[in-house]
Amino acid sequence: MKLSVTLLLLILTACSQGVDKNDLKNINGYWEIEEVTLPSGEKKSFTINSLVDYFELEGTKGFRKKVAPQLDGTFLKTEDEEAIEVLFEGSEAILLYSTPFHKWKETIVKADENQLVLKNENEVVYTYKRYQPLNLAP
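Residues numbered from 1 in each chain as written. Predicted model: local features only at pLDDT ≥ 70, side-chain atom pairs only at ≥ 80, totals over all residues. Heavy atoms only, no water.

Q: Explain the nonpolar core to me, please; I cannot follow it from the model alone.
A: For soluble globular proteins, the rule of thumb is that nonpolar side chains tend to be buried together. Counting residues in each nonpolar core, the largest one holds 20 residues, and the members touching the most others are Ile-27, Phe-55, Leu-95, Ile-108, Leu-116 and Leu-118. At the level of secondary structure, the elements contributing two or more residues to this core comprise strand S1 (29-37), strand S3 (52-58), strand S6 (82-89), strand S7 (92-98), strand S8 (103-111) and strand S9 (115-120). Of all hydrophobic cores here, the second largest spans five residues; its members include Val-52, Phe-63, Val-67 and Tyr-131. (Core = buried A, V, L, I, M, F, W, Y, C linked by side-chain atoms within 4.5 Å. Buried < 20%, exposed > 50% of the residue type's maximum accessible area, 1.4 Å probe, protein only. Helix = DSSP H or I, 4+ residues; strand = E, 2+ residues; numbered from the N terminus.)

What follows is the structure, encoded as structure tokens:
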């Protein structure tokens, strides 16, 4: 019996998808929304995005801003940016955003090289994929 409980705990621990400080480096860069999942379970998919999110973190502080990709590979950037601070609460990694007008938070569900999943305070889940520029070469 003790062996069964020990094995079960090991399996559950190995399968957990917790985010730790080492995963934060994966957040840096350009991300585009691939899918939004509402609390009801309804999903909305996105194939083309006119804006992408740019994240830049150094340690546990940084910023996010919206940028518009251009056909020549550059980005139009706005002056607006959201300050970010990462807070670890138990097994959760939380992004605390702030602007002069608003403060909010999102929980990092997953952060690897190719996928970023964030859940906001209203239980809306945003699944991002790493931005890949359009290849218009013949």
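Resuming the write-up.
Q: Please explain the pattern of salt bridges as it appears in this structure.
A: A side chain of one charge can pair with a side chain of the opposite charge when the charged atoms of the two come close. Scanning the entire structure with this criterion turns up nine salt bridges. Lys-43 is the partner of Glu-35 in a salt bridge, and the nearest nitrogen-oxygen pair spans 3.7 Å. Put simply, Arg-64 and Asp-53 hold a salt bridge, and the shortest N to O gap is 3.6 Å. Taken as a pair, Arg-64 in strand S4 (residues 61-69) and Asp-53 in strand S3 lie far apart in primary sequence, 11 residues in all. Look at Arg-64 and you get buried, because its relative accessible area is 8%. Judged by relative accessible area, Asp-53 falls into the buried class, the value being 2%. Sharing partners across several salt bridges, the network here consists of Asp-53, Arg-64, Lys-66, Glu-82 and Glu-106. (Salt bridge = Lys/Arg side-chain N within 4 Å of Asp/Glu carboxyl O.)

Q: Looking at this structure, how should I read the pairing of S7?
A: Where a strand is regular, its side chains alternate between the two sheet faces. Where S6 lies against S7, seven bridges are found, and the strand directions are antiparallel. If you follow Ala-83 over to S7, its bridge partner there is Ser-98. The turn linking S6 back onto S7 is made up of two residues, and Gly-90 within it adopts a positive phi angle of 60°. If you look at the hairpin formed by S7 and S8, you'll find four residues sitting between the two strands. (Pairing = 2+ DSSP bridges.)

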